[in-house]
Amino acid sequence: MKGTIKHFFAGGNTAKGFYSLYDSVLQNLNRIYILKGGPGTGKSSLMRKIGTKMINKGYNIEMIHCSSDNDSIDGVIIPSLKVGIVDGTAPHIIEPKAPGAVEQYINLGTAWNSAKLSENTEVIRDLNAQISSSYQNAYNSFSEALAIHDEWEEIYIKNMNFEEANKLTNELIEQFFGARTLTKTSTIVHRFLGAATPTGPVDYIQNLTSHLSKRYFIKGRPGSGKSTMLKKIAKAAQNKGFNAEVYHCGFDPNSLDMVILPELSVAIFDSTAPHEYFPEHNSDEIVDMYVRTITSGTDEKYAETLNNIKKRYSEKMKEGTAYLAEAKNLHDQLESYYIDAMDFSEINTITQQIMQEIDSLMPIN
């Protein structure tokens, strides 16, 4: 029987710049292969090959997607073996905690022709500079969009019943946990369920939640307390010894979009744009923060102002996405120089060596 794949992001192009959650995602692994090498050196393909082989062997894997390239991945984790393979090049620099003992560097640069690359030194430097500039422009646009989003939130915060929001949160915590407390230390892992990418927003909510027994779809407006509710639920899980998967917002990493409680088979998530979903199963339930916590008629009262805010916000988000697409196009050009200088037969040998090491960690039946 084949294994399953859990999809998510560990880093994102956000309003705060590139934001990494790799430390949390890679916690508790006993072996981490950190791939080094330029663009186009086969890092993503290497990881996909190993991931596919592990699935075919019946192992469940976690696939870390790249927020800067929709067709690329940044990592593969095999939880049951406590093994991970990740792209360790900028911007997701991974600081080793136990070099050699846990983290092992794999240099794919051994397979390139340095003389051939040196013929294009100036072009490579120029493309790297342009790529860096495009990303900075994207982050600036997203930062401006966040400032506009704060205006949006302020309207609803001024019209919010905080006492009712706290009451609703406490009701859900009671519903989830009751008086139950587990006699263990909880494991809390932080990830991104989605990201701003060169083709626009992408999320993996369905993949992450479809197998769960109970899903809560939070509806509401910016500033209606969705993230605060999720933070309180995650904290309650930690205090009670329950494990939690905490998913941050790919736009504002200080905000939360989802909490999964695997031991309870429960997910509760922000189900508004750009990751808007609706119940599909009888067990799915809507939690409407607008109806429950916001003064009735707020949308209508501030309609003109809200329309102006939405327009400006949308324009800035599109602008940021365009800069990401520009960076992706430049990156593709940069990759072509490395691909042309690579000996991919050597990469295949490295892939086989890593796979053999992973095979040695598998239990003997």
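Residues numbered from 1 in each chain as written. Predicted model: local features only at pLDDT ≥ 70, side-chain atom pairs only at ≥ 80, totals over all residues. Heavy atoms only, no water.

A.B. asks: Help me understand unusual backbone geometry, please; the structure alone is not making it clear to me.
C.D. replies: Backbone geometry follows two general trends: most residues other than glycine have a negative phi, and most peptide bonds adopt the trans configuration. Note the cis peptide between Ala-90 and Pro-91, where omega equals 10 degrees. Along the polypeptide, Pro-91 turns up in the loop between β7 (83–87) and β8 (103–107). With an omega dihedral of 10 degrees, the bond running from Ala-273 to Pro-274 counts as a cis peptide bond. Checked against the element boundaries, Pro-274 lands in the loop between β15 (266–270) and β16 (285–288). With phi around 55 degrees, Lys-82 is a residue other than glycine that occupies positive phi space. On the secondary structure map, Lys-82 appears in the loop between β6 (73–78) and β7. Phi is positive for Ser-265, close to 55 degrees, though the residue is something other than glycine. (Helix = DSSP H or I, 4+ residues; strand = E, 2+ residues; numbered from the N terminus.)

A.B. asks: In this structure, what is going on with helix α5 (residues 162–177)? I would like to understand it.
C.D. replies: Residues three or four positions apart in an α-helix share a direction because the helix packs 3.6 residues into each turn. With 16 residues, α5 extends 22 Å from end C-alpha to end C-alpha; this agrees with the ideal 22 Å at 1.5 Å per step. Residues of α5 that are buried: Ala-165, Leu-168, Thr-169, Leu-172, Ile-173, Phe-176 and Phe-177. Projected down its long axis, α5 carries its buried residues within an arc of 145 degrees, all on one side. What points out from α5, more than 90 degrees from its buried face, is the exposed set Glu-163 and Glu-174. Buried residues along α5 sit in contact with β12 (214–219), α7 (226–239), β14 (256–261), β15, β16 and α8 (289–293). One or two residues past the end of α5 sits Gly-178, with phi positive at roughly 60 degrees. (Expected span 1.5 Å × (residues − 1). Buried < 20%, exposed > 50% of the residue type's maximum accessible area, 1.4 Å probe, protein only. Arc of directions from axis to C-beta. Contact = heavy atoms within 4.5 Å.)

A.B. asks: Explanation requested: the layout of surface pockets in the structure shown.
C.D. replies: Any space left empty among the atoms is revealed by the rolling of a water-sized probe across them. Volume-wise, the second largest pocket comes out at about 860 Å³. Contributing to the lining of the second largest pocket are 37 residues, with Pro-39, Asp-87, Thr-89, Ala-90 and His-331 lying nearest its centre. Put simply, the parts of the chain that give the lining of the second largest pocket at least two residues each are α2 (43–56), β6, α4 (121–157) and α10 (303–340). Here the lining of the second largest pocket gets six residues from one element, more than from any other, and that element is α4. A breakdown of the residues in the lining of the second largest pocket according to their chemical character gives 12 nonpolar, 17 polar and eight charged. (1 Å grid on protein atoms, 1.4 Å probe; cavity = no way out; pocket = protein on both sides within 12 Å on 5 of 7 lines; lining within 4 Å. Points joined across faces, edges and corners; volume = space filled by probe spheres on them. Nonpolar A, V, L, I, M, F, W, Y, C, P; charged D, E, K, R; others polar.)

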